[in-house]
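Fold and contact review
Residues per chain are reported as follows:
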Amino acid sequence: MKKNNKTTPEGTKDFLFEECLTKRSIEKTVSGVFASRGFNEVITPGFEFYDVFDPDLSGIKQESMYKMTDKSGRIVVMRPDLTLPIARLTATRLQNLPKPIRLYYTQPVYRNCPGLSGRRDETTQAGAELLGAGGIRADLEMISTAVAALGGCLPGFRLELGHAGIFRALADRLPVSDDVREDIRVYIETKNYAALDALLNGLEKSETVSAIRKLPHLFGGEDVFEKAAFLGGDSELSPMLNYLHKIYGLISELGFPGRLMVDLGLVQRNSYYTNIVFSAYVEGFGDAVLFGGRYDSLLAYFGSPMPAIGFAVNIDDISEILIRRKMAPGVRPADVLVHGADGYEVNALNHAGSLAKKGLKCENSVFAGEDEAVAYAKACGIKRVDIVGKKIKTVVCCQ
Amino acid sequence: MKPLRIALTKGRLEENALSLFEKVGCDCTAARNKGRKLILPVDGGRFEVVLAKAADVITYVEYGVCDLGIVGKDTILEKGGNFFEVMDLGFGKCKFALAGPVGTDFFGGYSAKTVASKYPHVAGNYFESKAMDVKIIKIEGSVELAPLLGLSDAIVDIVETGTTLKENGLEVIEPICGISARLIVNPASMKLRKMEIESLTEKMEHVCKS
């Protein structure tokens, strides 16, 4: 039988050298921002019960999850999302802690993406969640944390704001089945104007229908709020719009350097978002690199209702962008190669140890002879070789 | 700023797409005399046009290596993907239909049927919506052959005029849905280059409506 022992499964990869360095340095920057703002790290299991990620709640399709069974035959999945485990954890084990609770994580997530699409099935996300706090202070804190975290890794990105409540409020007023409502949501999400129009034309004319028709067109800069002024008379929608506008103004005041955008047609499948949602885009990259929002009703599903907001940064995407832009750190050779003459092997290791303590990157020579060690150093770009015998002799290799 | 890059479906939709660009006032000389070049400047380099197979148009737009694409709804339904489908361009009109030998009672009886299609996904969704268990066989070439050779009871395929069906003793059993060319946009491009894209789509909308 053919053995699959020389390759990795589709959607996975080995990370080598500069890829690792870049990934780790991004993780360090992002988690540094989180930690400095009082967030504490948690690690959740790599696989959890399927029920935690119930598609009705998460919007994650059943077929996108890698499934297995546990020892009792119950379905478990490789975690396809990180907000849901955090909600589970907070609603159960942390429910009695004083609020708010600030958590962060850097973990891989797994999605079974369609074959041959070039999508990665294993990606690392770093995220922060602020649980047990609602209101503008919490929202601003999280957006500012997102800006600081992403800004620390990437210059120049655009932040986009939306409000999940606007579509929900409008859609709830339509006298249609849940399936039709889902169709409408998909058409708005994909800005499928033609299909949306066709569907809405079949409904009785009303202010709600005409507002929904306009929703996917309402994206861009601050002018969107002017264009959405027709919703201002609506007692349910106008507080949401005003709130979004207020946040928009305050973020500009926060000193956000990039461009800020608004999209009132942000109606993502992640149906757990309830209020403000935000995402970040980078020039020349087809997907959002950061995504988050407020999910005030999610924790109730796990038995402990509380408001919460969070976001996740896609570490692998940022790493790819930095490497592509040649902004990634390169792998540097060792500063010193330490070679022990016969009988001085231990002295050589001790010498290497003391150099390493001074902050030098030291490699130990495993070669039998001095000449071989020097040749190796030249080949690897190591500029200095310390030969440890009775005395220590330094050879400088010039390339 | 890089020029907006637009992926066009080669073949059936190509001529209509290029004349749409000409109607919105873009000079397509280079794209019309393309020779062997694959990336062609349009309107003095304001846009770049890439000619690709239908399914690849979606792939290029999904990844954002092309900002916009013109592709048939048939390919969109079959392949799916993550992009904005902003406009029905109105050309390349035809339909998906279930077809079989003249006079067959496809929906009669309870034995599971076999259906051949170049669009197994579309066929699968269609029968799923009818809660029917059907065996679907993917065929790459002339699907009409499958029922004639006795491989399948019916086919799901694109029907334009129905002439091919007629000449082979087949007929439409049930139309599934209409198809036409669509303008698709990468979501990040739509956000980052809104002005340019909207000024182009507004002009196109104007042309398509008139």
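Residues numbered from 1 in each chain as written. Chains lettered and ligands numbered in written order. Predicted model: local features only at pLDDT ≥ 70, side-chain atom pairs only at ≥ 80, totals over all residues.

1. Here we look at the packing of helix 7 (residues 193–201) of chain A against helix 8 (residues 207–214) of chain A
All names here are of chain A. Across the interface, helix 7 lies against helix 8 with an axial gap of 10 Å and an inter-helix angle of 175°. In terms of their interaxial angle, helix 7 and helix 8 are classed as roughly antiparallel. Touching Leu196, Asp197 and Leu200 of helix 7 are Val209, Ile212 and Arg213, all from helix 8. Grouping the amino acids of the contact of helix 7 with helix 8 by side-chain chemistry returns four nonpolar, no polar and two charged. (Axes fitted to C-alpha atoms, helices over the stretch in contact; angles between N-to-C directions. Helix = DSSP H or I, 4+ residues; strand = E, 2+ residues; numbered from the N terminus. Parallel < 35°, antiparallel > 145°, perpendicular 65-115°, else oblique. Contact = placed C-beta atoms within 7 Å. Nonpolar A, V, L, I, M, F, W, Y, C, P; charged D, E, K, R; others polar.)

2. Some remarks on the environment of Glu141 of chain A
Among the secondary structure elements, Glu141 of chain A is positioned in helix 4 (residues 136–151). Counting along the chain gives 19 residues from Glu141 of chain A to Glu160 of chain A, while the straight-line C-alpha distance between them is 16 Å.

3. Regarding the pairing of strand 8 (residues 134–138) of chain B
All names here are of chain B. In this structure, strand 7 (residues 113–117) lies alongside strand 8, joined through five bridges in parallel fashion. Looking at strand 8, one finds that Val115 is bridged to Ile136. Once the chain exits strand 7 it traverses helix 5 (residues 120–129) before rejoining the sheet at strand 8, and the crossover so formed is right-handed. (Pairing = 2+ DSSP bridges. Right-handed = clockwise from strand over helix to strand, strands pointing away.)

4. Examining the confidence of the model for chain B
Residue and element names in this part refer to chain B. For chain B, per-residue confidence averages 91 on the pLDDT scale, and 100% of positions sit at 70 or higher. Mean pLDDT across the elements of chain B ranges from a minimum in helix 2 (residues 29–32), with 82, to a maximum in strand 4 (residues 68–72), with 96. Scored as a complex, the prediction yields pTM 0.86 and ipTM 0.76. (pLDDT = per-residue confidence, 0-100.)

5. What to know about the interface of chain A and chain B
Listed by partner, the interface residues are 14 residues for chain A and 14 residues for chain B. Among the elements of the structure, strand 7 (158–163) and helix 7 of chain A are those that each provide at least two residues to the side of chain A that touches chain B. The residue makeup of the side of chain A that touches chain B, split by class, is five nonpolar, four polar and five charged.

6. Examining the domain arrangement of chain B
The figure often quoted for interface size is the accessible area lost as the parts come together. Residues and elements named next belong to chain B. Taken domain by domain, chain B holds domain 1 (4–92 + 180–209) and domain 2 (94–178). The C-alpha centroid of domain 2 is placed 30 Å from the C-alpha centroid of domain 1. Each partner contributes residues to the interface: domain 1 has four residues there, and domain 2 has six residues. (Domains from an automatic or database assignment.)

7. Describing helix 1 (residues 17–36) of chain A
All names here are of chain A. Across its 20 residues, helix 1 extends 28 Å between first and last C-alpha, which sits within 8% of the 28 Å expected from 1.5 Å per residue. By the burial criterion, the buried members of helix 1 are Thr22, Lys23, Ile26, Thr29, Val30, Val33 and Phe34. All buried residues of helix 1 lie within an arc of 135° about the axis, which places them on one face of the element. Those residues of helix 1 that are exposed and aimed more than 90 degrees away from the buried face are Phe17 and Ser36. Taken together, the buried residues of helix 1 touch strand 5 (101–110), strand 6 (122–131), helix 4, strand 12 (308–314) and helix 12 (315–324). Directly after helix 1, the chain includes Gly38, whose backbone phi takes a positive value near 90°. (Expected span 1.5 Å × (residues − 1). Buried ≥ 20, exposed ≤ 12 C-beta atoms within 10 Å, placed from the backbone. Arc of directions from axis to C-beta.)

8. Comments concerning the packing of helix 1 of chain A against helix 4 of chain A
Residue and element names in this part refer to chain A. One way to put it is that helix 1 packs onto helix 4 with a least axis distance of 8 Å and a crossing angle of 150°. One way to sum up the angle between helix 1 and helix 4 is to call them roughly antiparallel. Considering only the axes of helix 1 and helix 4, their crossing is right-handed. On helix 4, the residues that touch Val30, Val33 and Phe34 of helix 1 are Thr145, Ala148 and Ala149. Taken together, the residues of the contact of helix 1 with helix 4 break down into five nonpolar, one polar and no charged. (Left-handed = near helix turned anticlockwise from the far one by under 90°.)

9. Re the nonpolar core
Judged by nonpolar contacts, the single largest core of 126 residues is most densely connected at Ala146, Leu150, Val289, Leu290, Ala308 and Val313 of chain A together with Val61 of chain B. Apart from residues no more than four positions distant in its own chain, Val289 of chain A is found in contact with Phe157, Ala280, Val282, Val313, Asn314, Asp317 and Ile318 of chain A. Membership of the second largest hydrophobic core comes to 22 residues, among which are Ala97, Val122, Ile155 and Leu165 of chain B. (Core = buried A, V, L, I, M, F, W, Y, C linked by C-beta atoms within 7 Å.)

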